[in-house]
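Next come the chains, spelled out residue by residue.
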Amino acid sequence: MKLTKAPRLRAVLIATSVAALTAFAQPALAQETGQAATAPAPPSYAAITAATAPVADAYFAAYIANDWDALEPLLAESATFQDPTASHIFGGVLSDGRTAMMERFRTGYASLTHMEFTKNRSLISDESALYEGALHWGMDLGDGTLVDCVTPMVIVLTVVDGKVTRHLDYVDYAPFVAAMRKARAAAG
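The sections below set out a description of the structure shown in this document.

Procedures and definitions
- Residues numbered from 1 in each chain as written.
- Predicted model: local features only at pLDDT ≥ 70, side-chain atom pairs only at ≥ 80, totals over all residues.
- Heavy atoms only, no water.
- Helix = DSSP H or I, 4+ residues; strand = E, 2+ residues; numbered from the N terminus.
- Expected span 1.5 Å × (residues − 1).
- Buried < 20%, exposed > 50% of the residue type's maximum accessible area, 1.4 Å probe, protein only.
- Arc of directions from axis to C-beta.
- Contact = heavy atoms within 4.5 Å.
- 1 Å grid on protein atoms, 1.4 Å probe; cavity = no way out; pocket = protein on both sides within 12 Å on 5 of 7 lines; lining within 4 Å.
- Points joined across faces, edges and corners; volume = space filled by probe spheres on them.
- Nonpolar A, V, L, I, M, F, W, Y, C, P; charged D, E, K, R; others polar.
- Pairing = 2+ DSSP bridges.
- Axes fitted to C-alpha atoms, helices over the stretch in contact; angles between N-to-C directions.

### As for helix H6 (residues 174–187)
One turn of the α-helix equals 3.6 residues, which is why residues spaced by three or four share an orientation. The end-to-end C-alpha separation of H6 is 20 Å, in line with the 20 Å expected for 14 residues at 1.5 Å each. Taken together, the buried positions of H6 are Phe-176, Val-177, Ala-179, Met-180 and Ala-183. Considered in projection along H6, the buried side chains sweep an arc of 165° and stay on one side of the axis. Those residues of H6 that are exposed and aimed more than 90 degrees away from the buried face are Arg-181, Lys-182, Ala-185 and Ala-186. Against the buried residues of H6 lie helix H4 (87–90), strand S4 (128–140) and strand S5 (146–160).

### Quick look at the layout of surface pockets
Quantified by volume, the largest pocket comes out at close to 330 Å³. Taken together, 18 residues make up the lining of the largest pocket; nearest its centre are Asp-83, Phe-90, Tyr-109, Met-139 and Tyr-173. For the lining of the largest pocket, the elements supplying multiple residues, two or more each, are helix H5 (98–108), strand S3 (112–125), S4 and strand S6 (163–171). For the lining of the largest pocket, the leading source of residues is S4, giving 3 residues. Among the residues making up the lining of the largest pocket, the classes are represented as 14 nonpolar, 1 polar and 3 charged.

### What about the sheet that holds S4?
Two modes of strand pairing occur in sheets, parallel and antiparallel, and in both the strands are linked by backbone hydrogen bonds. Spatial strand order, S2-S1-S6-S5-S4-S3: 6 strands in an open sheet with mixed pairing. The sheet is open, and its two edges are formed by strand S2 (94–96) and S3, each paired on a single side. Going from strand to strand, the sheet's axes swing by 20° on average, the running direction of each strand aside. The strands touched by helix H2 (residues 45–64) within the sheet are strand S1 (75–82), S3, S4, S5 and S6, with S3 carrying the most contacts at an inclination of about 170°. Strands in contact with H6 are S4 and S5; relative to S5, the strand with the most contacts, it is inclined by about 150°.

These figures come from the coordinates and say nothing about function on their own.
Here it is in structure tokens:
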């Protein structure tokens, strides 16, 4: 073979290879295009955030108002509630499932005399909602002692498919402990 024919042979081989690859790629590209046309696009960040906001806001309002009848339908069956900051004050605070959560709220919160939340800020992004502020609340300790306090608080909610799936409370309980000691000393 002469050197002058080598470039021509190389060009023929490259052209043949490109044609073969293109021929194999055409059905795959057509299939992908067909799948993309029939598969629904996932919801956008903006759409998910817009869907989260009204559910989270309604749940938050019902929670602060202790309106358990309004809150319950907003919960997913497998929802969870946790306050990891309350373990040394109220014991383990974890409820798994809507039934357990509603029992905690209806029974455990029955001793609350009031709850008012002053919101410093809220953030709703994707499937998460965060409310930060100060909770003015009171509690009847059951022995005639009433405690009234204001505690810094953050509430974090997760909303999936229009239902709250997770509720986390973070509370600075130092003002509550101080108010409880003061109330017991005054009663004592």
